[in-house]
Amino acid sequence: MTLATEMVVSLRLPTETLYQGTAIRLYGVAENGAFGMLPNHIDFVTALVPSVFLVTTVEGEELIFGIDEGILIKKGHQVDVAVRRGVRGEDLASIKDTVYRNFIAVDEDERVARSALSRLEAGIVRRFAELQKPQP
């Protein structure tokens, strides 16, 4: 049995691939706490929580991603990560601002859209109730 020196990593969003390449180390945060992963880690599946996700490339470069909830699957030397939202940052300080701008703004937009949808649903229910009333 030979030991691997790298993993093939895919970090995907619903609409695009955020990162695809080789890595020698990963760091993430699951529902039950933080974890690190090296190429010969046992096969593994976990749910990720909103956090910082680090990828160390074969060249030694540390890539920093701010991610939303998602799932990580490691099988053999392939690691697939699927997250709802994610952004790449240059350093830990900048990732905080980037996450805030991208995630918080989207959350506010989603809240406004959900509120509008609730008003539409309530209006439809009222109209159906009016239709069921006996006409004089």
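Overview of the structure. (Residues numbered from 1 in each chain as written. Predicted model: local features only at pLDDT ≥ 70, side-chain atom pairs only at ≥ 80, totals over all residues. Heavy atoms only, no water.)

1. Let's talk about the overall build of the chain
How we decide: The way it works is that DSSP assigns letters per residue, a run of H or I at least four long becomes a helix, a run of E at least two long becomes a strand, and they are numbered from the N terminus. Buried residues are those whose accessible area, probed at 1.4 Å on protein chains only, stays under 20% of the maximum for their type, while exposed residues exceed 50% and partly exposed ones sit between those limits. Here, residues are in contact when the closest pair of their heavy atoms is within 4.5 Å.
Counting its regular elements, the chain contains 1 helix and 9 strands. Along the chain, helices (α) and strands (β) appear in the sequence β-β-β-β-β-β-β-β-β-α when read from the amino end. When the 136 residues of the chain are sorted by exposure, 32% land in the buried category. Of all intrachain contacts in the chain linking residues separated by at least 6 positions in sequence, the fraction that spans at least 24 positions is 48%.

2. Remarks on the nonpolar core
Operational definition: Only buried residues count toward a nonpolar core, which is a set of Ala, Val, Leu, Ile, Met, Phe, Trp, Tyr and Cys residues joined through side-chain atoms within 4.5 Å.
Counting residues in hydrophobic clusters, the biggest one holds 20 residues, and the most contacted among them are Leu26, Phe53, Val55, Phe65, Leu72, Val79 and Val81. Those elements that provide at least two residues to this core are β1 (7–12), β2 (17–30), β3 (33–37), β5 (51–57), β6 (62–67) and β8 (78–83). Of all the elements, β2 adds the most residues to this core, at 4 residues. Sequence-distant contacts of Val79, that is, excluding residues within four places in its chain, are made with Met7, Val8, Val9, Ser10, Leu26, Met37, Leu72, Ile73 and Lys74.

3. Quick word on the side chain of Arg85
Selection criterion: Side-chain atoms alone can form a polar contact between residues adjacent in sequence; in general such a contact is a pair of N or O atoms within 3.5 Å, and within protein one must be able to donate a hydrogen while the other accepts it.
Considering the arrangement of structural elements, one finds Arg85 in the loop between β8 and β9 (86–89). Looking at Arg85, the relative accessible area reads 14%, which means it is buried. Only 2.8 Å separates the side chain of Arg85 from the side chain of Asp68, close enough to count as a polar contact.

4. Considering the pairing of β6
Going by this rule: At least two bridges found by DSSP between two strands is the condition for calling them paired.
The buried fraction of β6 is high, at 5 of 6 residues. Two elements, β5 and β6, share 6 bridges in a ladder whose sense is antiparallel. By the bridge assignment, Val52 is partnered in β6 with Gly66. Taking the residues that link successive antiparallel strands as the turn, the β5-β6 hairpin has 4 residues, and the phi of Gly60 there is positive, at about 90°. Sheet topology places β6 next to β9; 4 bridges connect them, and they run antiparallel. Across the sheet, residue Gly66 finds its bridge partner in β9, namely Val87.

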